[in-house]
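# Understanding the architecture of this molecule
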Amino acid sequence: MTPMHLTARVLLLSVTLLPLAGCAALQGKSSAPAEPGMATEFAPAVETQSLEAMGSGQSVAALDRTSEAEKQAALAAAPGGGELGRQIVALGAPADTGLWVQTSLVKAVTKGSVRAPNGKVLAVELRPGSGAALMSLSAYQALGIGLTELPEMVILGS
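Residues numbered from 1 in each chain as written. Predicted model: local features only at pLDDT ≥ 70, side-chain atom pairs only at ≥ 80, totals over all residues. Heavy atoms only, no water.

Attention shifts here to the environment of V101. Within the secondary structure, V101 sits in strand 2 (residues 100–103). Along the chain, V101 and L91 lie 10 residues apart, while their C-alpha atoms are 9.5 Å from each other. Each residue touching V101, except ones within four places of it in the same chain, is listed here: V114, V124, E125, L126, R127, L134, M135 and I155. (Helix = DSSP H or I, 4+ residues; strand = E, 2+ residues; numbered from the N terminus. Contact = heavy atoms within 4.5 Å.)

This is the structure:
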């Protein structure tokens, strides 16, 4: 066989087999990395509540059910106990009335107090929590803190 015939056969064989190489890619047998599959785990369902039921459109005064006398008494109470820690607090659920702070610094409900950046000290119920600390609407109001502020509070034990 002459070199020219050999070259022609190799060329013919290459042209014949080339389309077959593309078939493997079409059948999903490519060497490219596979795309991730769909998620198989879903977050648990959560209970929701309509804005109307939560007091949408009500004033802060209408949602704050702690009396001025109760707030003044809590401000006048002497802080007891030592410092448990400092935490940034966010506004808790406005429907949860009273003077309280939910914090990871306590393991059970107890009496305590908080000192705001403005120096005011307020007697509160300390409630166990996890993650970020939350403070009641009434406590925010009693301490004169704006509802959109995230103050660093000193948490004091009883």
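So much for the structure itself; the text now carries on.
Moving on, we get to the pattern of salt bridges. In the structure shown here, the tally under the stated rule is four salt bridges. Residue K71 is joined to E68 by a salt bridge in which the shortest nitrogen-to-oxygen separation is 3.6 Å. Residue K71 and its partner E68 are both found in helix 4 (residues 68–76); the two are separated by three residues, about one turn of the helix. The shortest N-O distance in the salt bridge between R127 and D96 comes to 2.9 Å. Here R127, found in strand 4 (residues 121–128), pairs with D96, found in the loop between strand 1 (83–91) and strand 2; they are 31 residues apart in sequence, far enough to count as distant. When its relative accessible area of 31% is taken as the criterion, D96 is described as partly exposed. Residues joined by salt bridges that share partners form a network here, namely D96, E125 and R127. (Salt bridge = Lys/Arg side-chain N within 4 Å of Asp/Glu carboxyl O. Buried < 20%, exposed > 50% of the residue type's maximum accessible area, 1.4 Å probe, protein only.)

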